[in-house]
Amino acid sequence: MHSLPSHAMRPLCLNPSLCSSRFPFFSFSIPIFHKFKNNPTIYKKSQKGPPFFSIRCCGSGSVTAKPSWELRRNRAAVQEPDEKVDALRQLFTKPGIGIDAYIIPSQDAHQSEFIAECYMRRAYISGFTGSAGTAIVTKDKAALWTDGRYFLQAEKQLNTSWKLMRAGNFGVPQASEWLNDVLAPGGRVGIDPFLFSYDAAEELKEVISKKNLELVYLYDLNLVDEIWKESRPKPPNKPIRVHDLKYAGIDVVSKLSSLRAELVAAGSSAIVISMLDEVAWLLNLRGSDVPHSPVMYAYLIVEVDAAKLFVDDSKVTSEVMYHLKKAGVDLRPYDSILSEIRRLAAEGAHLWLDTSSVNAAIVETYKAACDKYLMNRGSRGKRKNKQYFESDSLPVGPSGVYMQSPVSLAKALKNPSELEGMQNSHLRDAAALAQFWCWLEEEIHKNVKLTEVDLADKLLEFRSKQDGFLDTSFDTISGSGANGAIIHYTPEAESCSVVDPNKLFLLDSGAQYVDGTTDITRTVHFGEPTAREKECFTRVLKGHIALDEAVFPENTPGFVLDAFARSALWKIGLDYRHGTGHGVGAALNVHEGPQSISFRYGNMTPLQKGMIVSNEPGYYEDHAFGIRIENLLCVQEINTPNRYGGIEYLGFEKLTFFPIQTKLVDLSLLSIEEMEWLNSYHSQVWEKVSPLLEGSARQWLWKNTRPIAKQ
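Just so it is clear, the structure is predicted and the values come from calculations on it, not from any experiment.

Visitor: Can you break down the overall build of the protein residue by residue, with the values?
Guide: Within the protein one finds 21 helices and 28 strands. Expressed as a percentage of its 711 residues, the buried residues of the protein come to 59%. Here the analysis covers contacts within the protein between residues at least 6 apart in sequence; of these, 74% occur between residues at least 24 apart.

Visitor: If you had to explain the sheet that holds strand β3 (residues 142-146) to someone new, which residues and values would you point to?
Guide: Spatially, six strands are ordered β4-β3-β2-β1-β5-β6 in an open sheet, and the strand pairing comes out mixed. In this open sheet, the two strands that pair with only one neighbour each are β4 (163-166) and β6 (214-217). Each neighbouring strand pair of the sheet contributes to a mean axis angle of 25°, computed without reference to strand direction. Bridge count between strand β2 (residues 134-138) and β3: four bridges; the pairing is antiparallel. Bridge assignment links I136 to a residue of β3, and that residue is A143. Seen against the sheet, helix α3 (residues 83-91) touches β1 (101-104), β2 and β3 and runs at an angle of roughly 60° to β2. Along the sheet, helix α6 (residues 175-182) makes contact with β1, β2, β3, β4 and β5 (188-191), crossing β2 at roughly 10°.

Visitor: Go over the packing of aromatic side chains, please, and point to the residues and values.
Guide: Under the counting rule described, the total for this entry stands at 17 aromatic pairs. Taking 5.8 Å as the distance between ring centres and 75° as the angle between the ring planes, the aromatic pair formed by F469 and Y513 counts as edge-to-face. Of this pair, F469 sits in strand β15 (residues 469-472) while Y513 sits in strand β18 (residues 511-513), and the two are 44 residues apart along the sequence. Given a relative accessible area of 16%, F469 falls into the buried group. What links up through ring pairs into an aromatic cluster is the set F436, W437, W439, F505 and F526. One residue, K255, lies across the ring of W281, its end atom 4.0 Å from the ring centre.

Visitor: Please provide a residue-by-residue account of the environment of N447, values included.
Guide: Tracing the sequence through the fold places N447 in the loop between α16 (416-445) and α17 (452-464). Under the relative-accessibility criterion, N447 is labelled exposed at 66%. Once the C-alpha coordinates of N447 and P501 are considered, the two residues, 54 residues apart in sequence, prove to be 8.8 Å apart.

Visitor: Could you give an account of the environment of R566, naming the residues involved and the relevant values?
Guide: Mapping R566 onto the fold places it in helix α19 (residues 562-570). C-alpha of R566 to C-alpha of Y619: the two residues are 53 residues apart in sequence and 9.7 Å apart in space. Filtering out sequence-adjacent residues up to four positions away, R566 remains in contact with D575, Y576, H578, G579, T580 and F599. A distance of 2.4 Å separates a polar atom in the side chain of R566 from a polar atom in the side chain of D562.

Visitor: Lay out the nonpolar core in plain terms, naming residues and giving numbers.
Guide: Counting 63 residues, the largest nonpolar core has F436, W437, L440 and F505 as the members making the most contacts within it. It is α16 that provides the largest number of residues to this core, a total of 12 residues. Contact partners of F505, with chain neighbours within four places excluded, come to W437, L440, L455, S478, G479, S480, V499, R522, T523, V524 and F526. Formed by 44 residues, the second largest nonpolar core is a distinct cluster that contains I115, V320, V401 and V407.

Visitor: How would you explain the side chain of T656 if you had to name every residue and give the values?
Guide: Note that T656 resides in the loop between β28 (649-654) and α20 (672-689). From its side chain, T656 meets the backbone nitrogen of L632 in a polar contact 2.8 Å long. With residues near it in sequence (within four places) discarded, T656 still touches H426, D519, I520, R522, E630, N631, L632 and Y681.

Visitor: Please set out helix α18 (residues 531-548) residue by residue, giving values where relevant.
Guide: Given 3.6 residues per helical turn, the α-helix brings residues three or four places apart onto the same face. Over its 18 residues, α18 extends 25 Å from the first C-alpha to the last, a length consistent with the 26 Å expected when each residue adds 1.5 Å. Across the 18 residues that make up α18, a large majority, 13, are buried.

Visitor: Describe the packing of α16 against α17, and please don't skip the residues or the numbers.
Guide: In contact at an axis separation of 9 Å, α16 and α17 are set at 135° when each is read in the N-to-C sense. When the axis of α16 is compared with that of α17, the two are oblique. Relative to α17, the crossing made by α16 is right-handed. Touching D429, A432, L433, Q435, F436, W439 and L440 of α16 are L455, K458, L459, F462 and R463, all from α17. Looking at the contact of α16 with α17 residue by residue, the class counts come to eight nonpolar, one polar and three charged.

Visitor: Tell me what's going on with the sheet that holds strand β20 (residues 520-525), and back it up with residues and numbers.
Guide: If you trace the three strands from one edge of the open sheet to the other, you get β16-β17-β20, paired in antiparallel fashion. In the strand order of this sheet, the two ends are held by β16 (477-480) and β20, each with one partner. The sheet shows a mean angle of 10° between the axes of neighbouring strands, direction not considered. Pairing analysis gives four bridges linking β16 to strand β17 (residues 504-509), with the strands arranged antiparallel. Bridged to I477 within β17 is D508.

Visitor: Kindly report on the pattern of salt bridges, identifying the contributing residues and their values.
Guide: According to the stated counting rule, one finds 35 salt bridges in the structure shown. Ionic pairing is found between E303 and R343, a salt bridge with its closest N-O pair at 3.2 Å. Here E303, found in strand β10 (residues 299-303), pairs with R343, found in helix α13 (residues 337-346); they are 40 residues apart in sequence, far enough to count as distant. On the basis of relative accessible area, R343 is assigned to the partly exposed category, the value being 26%. Salt-bridge contacts for E535 lead to R539; the nearest nitrogen and oxygen are separated by 3.2 Å. Of the two residues, E535 and R539 are both situated in helix α18; the distance of four residues between them amounts to about one turn of the helix. Several salt bridges converge on common partners, so that one network encompasses E303, K308, E340, R343 and E347.

Visitor: Break down the environment of I545 for me, citing the residues and quoting the values.
Guide: Mapped onto the elements, I545 comes out in helix α18. Considering only alpha carbons, one finds I545 and E674, 129 residues apart in sequence, at a separation of 7.0 Å. Every residue in contact with I545, bar those within four places of it in the chain, is listed here: E674 and W677.

Visitor: Could you give me a rundown of unusual backbone geometry, with the residues and numbers involved?
Guide: When glycine is set aside, most residues are seen to have a negative phi, and most peptide bonds are trans. A cis amide bond links G593 to the next residue, P594, at an omega of 5°. Here P594 is to be found in strand β23 (residues 592-597). Of note, N284 is a non-glycine position whose phi angle comes to about 50°, a positive value. Structurally, the position occupied by N284 is in the loop between α11 (276-283) and β9 (285-286). Even without being glycine, A587 reaches a positive phi, approximately 55°. Relative to the helices and strands, A587 resides in the loop between β22 (581-583) and β23.

Visitor: Summarise the pairing of strand β26 (residues 625-628); cite the residues concerned and give the values.
Guide: Residues F625 and I627 point to one face of β26 and G626 and R628 to the other, with burial holding for every one of them. As paired elements, strand β25 (residues 618-621) and β26 share four bridges and run antiparallel to each other. Bridging from a neighbouring strand, Y620 pairs with G626 of β26. Linking β25 to β26, which pair antiparallel, is a turn of three residues; within it H623 sits at a positive phi near 65°.

Basis of the calculations
- Residues numbered from 1 in each chain as written.
- Predicted model: local features only at pLDDT ≥ 70, side-chain atom pairs only at ≥ 80, totals over all residues.
- Heavy atoms only, no water.
- Helix = DSSP H or I, 4+ residues; strand = E, 2+ residues; numbered from the N terminus.
- Buried < 20%, exposed > 50% of the residue type's maximum accessible area, 1.4 Å probe, protein only.
- Contact = heavy atoms within 4.5 Å.
- Pairing = 2+ DSSP bridges.
- Axes fitted to C-alpha atoms, helices over the stretch in contact; angles between N-to-C directions.
- Phe/Tyr/Trp six-rings, centres within 6.5 Å; stacked < 30°, edge-to-face > 60°.
- Lys NZ or Arg CZ within 6 Å of the ring centre and 35° of its normal.
- Polar contact = N/O pair within 3.5 Å; in protein donor to acceptor, adjacent residues only side chain to side chain.
- Core = buried A, V, L, I, M, F, W, Y, C linked by side-chain atoms within 4.5 Å.
- Expected span 1.5 Å × (residues − 1).
- Parallel < 35°, antiparallel > 145°, perpendicular 65-115°, else oblique.
- Left-handed = near helix turned anticlockwise from the far one by under 90°.
- Nonpolar A, V, L, I, M, F, W, Y, C, P; charged D, E, K, R; others polar.
- Salt bridge = Lys/Arg side-chain N within 4 Å of Asp/Glu carboxyl O.

This is the structure we're talking about:
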């Protein structure tokens, strides 16, 4: 599954160096964090993802959308009244607010890719329900930025009081540039600082300051919530669960001990962890607050001698309470995070903050509290608290340590138990997929009319019968014909297509299991594919094989491998406009950083043993068809006959085992080695998955894993 670059994935431009320094009085047996050391100078300059308001289209080329006037020609010539927008504007002049514009992003306070319904403020205020977009309301204008995936949807959903800004199109300004154009000098731009990472807010502040505009943090209220009132959905409150140690592999005490050693080595006395998957991973907890991701809304502060989880305690069961108590983790109310930040500063804490993910409210609160501490100390002439000043190497008074979260990197390296869970869940997932594809082919051959939504629902039905199934890992991409060319296409019941047996069909789907997370794409044809379709499919397959078989020296960043997957397409002047691989969590988020395989060469994170990435080259012909072949891979050490430079060489181990349709392969384009790869892969699929099947599904798998040969 592909996604736009986002703060949720947080692609990094950091090349971690090895770190062997340890804090002597913290002992632990598993060196979870020991391979990573952050360079704060490099991090501050390069850790930014794309600008918060710059939505880049990563589709398969230009997207044709009818202009607003054509779609709206039957509407009234005047702007439609918009009660929500009008009510929002009325708040601009309230005491304590005093703003000229208000920005409504898509994110929650944790920069999550998927968010709970109660935080979908941009969708509420604008009526546009697409997953990506930023809305801005001024005293006389309302504009919404989204990318090419959603132009048509936005045209339909926005009323005439809104101006659609087609991000990525020529002449369309970024949101910050637009603010500079439409607001008079001295204007004030309001934001909810909880919904912006500190880096994003600073970038916005810098751009609008060029036109003498002021960025205003509204800490105490979100203006959309003020007008949403009672109709706003309630925050999620389903119980948190303990992630069993047999799946987690490392207990919480060991993880916290390792993190504390990392803190001390970095000259820090506490760290704020705000990314939801990092909190879940570190504490071996899972939740269901966010669609598709087994996480709960929470912050975590870890100090050298304490840990506090900020969460709604109504979600905390007695089992979870006992689990946390054993690990020395105390509970605090979710909304008390800022008061704790102030306390830490007042006690002189050197706080580690990952400013690419920690929201601006937390960082600015800490900075203000530090200033207050120093003012008080200057007036009193003495230290307020000696807790954090035992070492002469640490500066007097609180100070921020601004570096990448070490949890992000530690989480990316899967331990043996996590890998075992991923392997097992992928085999059960493959069994469900075999049952689904067997059913689908039978229905197609009986000329049963099925929609793209019907297929997504039926696949969910088969998956839900597998042991340990929890949820889908993202909305299923089920695209027939031209819809397959829309990379992030999600079918909707009222507008989706009937599956055409004479066209290519692309299915990108995944699941969350108690022991693992899956993500797989297959493209098939139910009839006779054209020569063009076969050539394109085969060249995508050649790229998939090339990346799967890649061997590379340690410390190689993922972007170096991206060309492996594109070379066969490039030879005939074809390409695809998305990354080739993203990181995947173990029973966690389907998209995780810091690793990736992408043409975006800013991410210098090296691929390391234990990381999981997707391998998903594709090709998309607008208005015709889409092709993608996706497996998940785990980075492993390769035993090469030589070790030039005395270093390790790495490669990949497959996690996904499911047939690739050979009907679509042009055998004349495959080398002998590539044919051997395909036959060997299908042999492994049969060996691993057939024991989980019976009846017609087993017969289907047998038929689709038979070896092929040059004709």
